[in-house]
Amino acid sequence: MNPLYIINYLIFSVFLVLLLLEAGVAIMMLLYYKEYKDRLRGYLMPIWEVDSTFAVFYLVNFEATYPKLLTFLGGMYIIPLFLAFLFFMLRNAFLVYSEYIGKEHKRDLYTKIYGGSTLVVAFLVIAVLSSGVSGFGVNVSEGTGQIVSMLINPFDISVFLCSILISFFLAASYFKIPEAKTDSLVALPLAFILMISALFAFVPAMFSSMLGLIYLPIISAALMLAAVAFQARNSPYAAHLGILWLFVSINFFGIVEYPNFFGDVNITTYLTNAAAAVPTELVTVAGGILIAVSITYLVYLSYVKREGRGGY
Amino acid sequence: MGAELLIVGFDRFLMGFSLFVHIILAVIGVALPLIILIAEYLGIKYNDKDYAVLSRRLMVVFIVLFAVGSASGILVAINLFLLWPTFMALVGQVAILPVYIEVFAFFLESIFIGIYVYSRNKFAGKYSHVLAGIPIAIGAGMSAVMITMLNAFMNTPVGFDIPTYLHNATITGVSPLAVFASPSTGMEVVHVLVTSYFAGSFIFAGYMAYMLFRSNDEDKKRYYRKALAMILAISTIFTFASVITGSLSISSLLTTQPEKFAAIEGNIYPQAFAPERIGGMLVGNTLQYYIPIPNLQSILATGSASGMVPGLASYPRDTWPPLFIHDLFDILVFLGFAIGGFLLLIMLLNLIKKDPLGNGKVQLLLALCGVLALVLVETGWVMAEVGRQPWIIYNVMRVSQAANYSASVLPFTLAILLFYIFIMPFTVIVLKRIFGERPLEAELVNK
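Basis of the calculations
- Residues numbered from 1 in each chain as written.
- Chains lettered and ligands numbered in written order.
- Predicted model: local features only at pLDDT ≥ 70, side-chain atom pairs only at ≥ 80, totals over all residues.
- Heavy atoms only, no water.
- Helix = DSSP H or I, 4+ residues; strand = E, 2+ residues; numbered from the N terminus.
- Rg over C-alpha atoms; globule rule 2.2 N^0.38 Å.
- Buried < 20%, exposed > 50% of the residue type's maximum accessible area, 1.4 Å probe, protein only.
- Contact = heavy atoms within 4.5 Å.
- Lys, Arg positive; Asp, Glu negative; His and termini not counted.
- Charge placed at Lys NZ, Arg CZ, Asp CG, Glu CD.
- Buried area = accessible area lost by both parts, 1.4 Å probe.
- Polar contact = N/O pair within 3.5 Å; in protein donor to acceptor, adjacent residues only side chain to side chain.
- Nonpolar A, V, L, I, M, F, W, Y, C, P; charged D, E, K, R; others polar.
- Core = buried A, V, L, I, M, F, W, Y, C linked by side-chain atoms within 4.5 Å.
- Axes fitted to C-alpha atoms, helices over the stretch in contact; angles between N-to-C directions.
- Parallel < 35°, antiparallel > 145°, perpendicular 65-115°, else oblique.
- Left-handed = near helix turned anticlockwise from the far one by under 90°.
- 1 Å grid on protein atoms, 1.4 Å probe; cavity = no way out; pocket = protein on both sides within 12 Å on 5 of 7 lines; lining within 4 Å.
- Points joined across faces, edges and corners; volume = space filled by probe spheres on them.
- Phe/Tyr/Trp six-rings, centres within 6.5 Å; stacked < 30°, edge-to-face > 60°.
- Lys NZ or Arg CZ within 6 Å of the ring centre and 35° of its normal.
- Expected span 1.5 Å × (residues − 1).
- pLDDT = per-residue confidence, 0-100.
- Patch = residues over 30% accessible without salt bridge, like charges linked within 9 Å, V, L, I, M, F, W, Y side chains within 5 Å.
- Areas by Shrake-Rupley, 256 points an atom, 1.4 Å probe, with all protein chains shown as cover.
- Salt bridge = Lys/Arg side-chain N within 4 Å of Asp/Glu carboxyl O.

### Here's the deal with the overall build of chain B
The helix and strand tally for chain B stands at 15 helices and four strands. What you see for chain B is a C-alpha radius of gyration of 23 Å, in line with the 22 Å of a compact globule of 447 residues. Considered along the principal axes of its C-alpha atoms, chain B spans approximately 70 × 50 × 40 Å. Sorting the 447 residues of chain B into buried and exposed places 57% on the buried side. Excluding contacts between residues fewer than 6 apart, the proportion of contacts in chain B whose partners are at least 24 apart in sequence is 78%. One way to put it: in chain B the 26 positive side-chain charges average out to a point 11 Å from where the 24 negative ones average out.

Here's what the structure looks like:
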């Protein structure tokens, strides 16, 4: 497996975990905002910027890894990506407005606009990703896309429902929302079955590859069941295990998918040249270390360090 | 062919409009962290709570604008590869590193904003919180540096075998690190950084001057007066630096982009003892009705009155940039010298203890300068980018070769336009509401 592919996919998996986590927060904000707003906002405020930045990180790493694909992607995904980024801007703007606006009813309204925008972004991004897996709605050789068949096809709808179920579980376990507990226990196994069924029905070639690497879905299923079991016992580790399961499963998905994207296009033919590959990866490693150190410091200050007496 | 031209026109318009708005947010994003940190530092050093209030209130502005600005920046990134896929395919293989490093600069800025804002009470050292803010300013500055490096690559492409690419569109001989040192990189980077600090700080100097003019309350007057003096000191340094780097960067075009230089100076024919032409109109193939300053152009560009400067007639007509950039250059020079002269006058009055900042007319003129500083930056950017036309990568790829010809672009032109029209005023309204709920009087009293 090409190391450029591995690094790009790892970044993608972190981005997708963050996106689904935030989609979960958005779902809970729409469903249980009044009851749990402090808990939900408490998570969002230090972290929301990191989510956005990871989206850019993935985008630019993608540009550096697959520059030859960009000529086609511009034509294929112009509509969903433009729409996604318009709603992404709404999401950013209204989250910050809600943070600093004083009137409670305005804050609630802005928060709901934020939640709705985030879910639309998630839907559009997942439509692009699922078409990258199945090839539905796009013609890579011609660089064209059909928005309707991209958004409304059984595979995309299955993947979106699956994502919503996963997001629901993660948010329910992370924020310990009692009203959502029972549903969350069903959500994760349902998501798992839905994903496997969708591959079987709509992307049979990938399903066959998965059978050749059968230990991967078995490990994934075991982790998923463990997360559900912890959630059933109200364990604080349920959310951590859920996130770990999602991260691992996305990467397993990448292993099974390699090297065929868009249904049957060999992705390695679009990789960047050898001269650019080495410095790109060096920057990824150096930048990754910088990010890791900075985020560790952020987490340390936010959750570990006690109050000091510096400044004013 | 007509439809394709129309779509390229829309592509250009959409990119130009997005960048036009984004530049406002970008220059504020570069300059504001510096202002905030200096205010906080002064507040602690002199135990002056006015500066403390200033840094806190500006931080709220910064966060709101950062949220909108980062989203707008992402939109610009998306625009780049959706509207100019062939361009980005080349950049991706040759010059992606600055764009990629910019992401990490952005990351650094984002994370440390989180630390600076949400962990204010976690620091023990007197200046620790200020130090925690420094990576924000570094991240913002590095973003500007990296994006300018990409722009410098567009002006003076390096890092691949250009003759081979021109022959058969194949990218060979890639040297990905060359993009960091193209012939125009150094000058462009310095000029962009300096002008960003100039315009970004002047916007706030102008605002403080206007609020000082409107204030009746003594506490508010004192607060705005201190804020104005502090920010204006920053603006003044970067105004003079902008004039110097601006002049040097125009001169550097002589060797790096002679057509752009010729169009900016209004030179149709190459000549020695060239005058600096102020104003003028193109009639046929000659610039007429201008005011000449004898030999000045040759002296500024080459250091000698007999120095030869290029003319557009030496180049094919279809590679000439639009000649209105000469008028933009006149506007730039006029505004630059007007603002610089006004600041010199203020400094002079200050030296002879005349208290210029206490004068209402000076305050209003400074408020006007805040707006003009933004006009200056936008004009300079339009001049620089239009001056490279018809090329997106100078002498390598024309804009028309880089464009996305999908008709899907058209409805989004309208959508993006509407979005920016909505988001910018709405951001201002929200900021006004936020500060309406946190009146300055209350913060100054409760300081």
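Further notes follow.
### Some remarks on the interface of chain A and chain B
Contact residues are listed per partner, giving 72 residues for chain A and 75 residues for chain B. Both sides of the chain A and chain B interface together cover about 6,500 Å² of buried area, and 75% of this is carbon and sulfur. Applying the counting rule to chain A against chain B returns three residue pairs in polar contact (both at pLDDT 80 or more). If you list the elements that add at least two residues to the side of chain A that touches chain B, you get helix H1 (3-65), helix H2 (70-76), helix H3 (78-100), helix H4 (104-134) and helix H11 (274-304) of chain A. Considering every element that reaches the side of chain A that touches chain B, the biggest residue donor is H3(A), with 17 residues. The class makeup of the residues in the side of chain A that touches chain B is 43 nonpolar, 19 polar and ten charged.

### Considering the environment of B:Leu366
All names here are of chain B. Counting through the fold element by element, Leu366 comes out in helix H12 (residues 360-386). When the C-alpha atoms of Leu366 and Ala181 are compared, they prove to be 38 Å apart, with 185 residues separating the residues in sequence. Once residues lying within four places of it in the same chain are set aside, the contact partners of Leu366 are Phe202, Gly206, Ala209, Leu228, Leu232, Phe342, Leu343, Ile346 and Leu357.

### Looking at the environment of A:Ala277
Residue and element names in this part refer to chain A. By the element assignment, Ala277 lies in helix H11. Note on Ala277: relative accessible area 12%, which makes it buried. In this structure Ala277 touches Leu4 and Thr272, once residues within four positions along its chain are discounted.

### Describing the nonpolar core
Residues A:Tyr97, A:Phe262, B:Phe87, B:Phe153, B:Phe202 and B:Leu366 are the most contacted members of the largest nonpolar core, which totals 264 residues. The element that contributes the greatest number of residues to this core is H1(A), accounting for 32 residues.

### Thoughts on the packing of helix H9 (residues 215-232) of chain A against helix H10 (residues 237-257) of chain A
Residues and elements named next belong to chain A. Closest axis-to-axis distance for the H9/H10 pair is 9 Å, and the angle between their directions is 165°. Judged by the angle between their axes, H9 and H10 are roughly antiparallel. Crossing handedness for the pair H9 and H10: left-handed. Contacts between H9 and H10 pair Leu216, Ile219, Ser220, Leu223, Met224, Ala226, Ala227, Phe230 and Gln231 from the former with Tyr237, Ala238, Leu241, Gly242, Leu244, Trp245, Val248, Ser249, Phe252, Ile255 and Val256 from the latter. Split into classes, the residues belonging to the contact of H9 with H10 amount to 16 nonpolar, four polar and no charged.

### A word on the layout of surface pockets
Residue and element names in this part refer to chain B. Empty space within the second largest pocket amounts to approximately 1,200 Å³. Lining of the second largest pocket is provided by 35 residues; of these, Phe204, Tyr207, Val428, Leu431 and Lys432 occupy positions nearest its centre. Those elements that place two or more of their residues in the lining of the second largest pocket are helix H1 (2-45), helix H2 (49-83), helix H7 (185-214), helix H8 (218-256), H12, helix H14 (409-437) and helix H15 (440-445). The dominant element in the lining of the second largest pocket, judged by the number of residues it contributes, is H7, at eight residues. Within the lining of the second largest pocket, the residues separate by chemical class into 24 nonpolar, six polar and five charged.

### What to know about the packing of aromatic side chains
All names here are of chain B. If you walk through the whole model with that rule in mind, you get 29 aromatic pairs over all chains. With a centroid separation of 4.9 Å and 25° between ring planes, the pair formed by Tyr197 and Phe238 is classed as stacked. A residue pair is termed long-range when its members are at least 10 positions apart, and Tyr197 in helix H7 and Phe238 in helix H8 qualify at 41 residues. Here the basic side chain of Lys226 rests over the ring of Tyr51, its NZ or CZ set 5.8 Å away from the ring centre.

### Things to note about H10(A)
Over its 21 residues, H10(A) runs 30 Å from end to end, which matches the ideal 30 Å to within 8%, given 1.5 Å per residue. By the criterion of burial, H10(A) is predominantly enclosed, with 15 of the 21 residues buried.

### Brief notes about the confidence of the model for chain A
Taken residue by residue, chain A gives an average pLDDT of 85. The fraction at 70 or more is 94%. Of all secondary-structure elements in chain A, the lowest mean pLDDT belongs to H2(A), at 75, while H9(A) reaches the highest, 95.

### Digging into a nonpolar patch on the surface
A contiguous nonpolar surface patch, about 480 Å² in accessible area, is contributed by A:Tyr297, A:Val299, A:Tyr300, A:Tyr303 and A:Val304. When you line up the elements, A:Tyr300 lands in helix H11.

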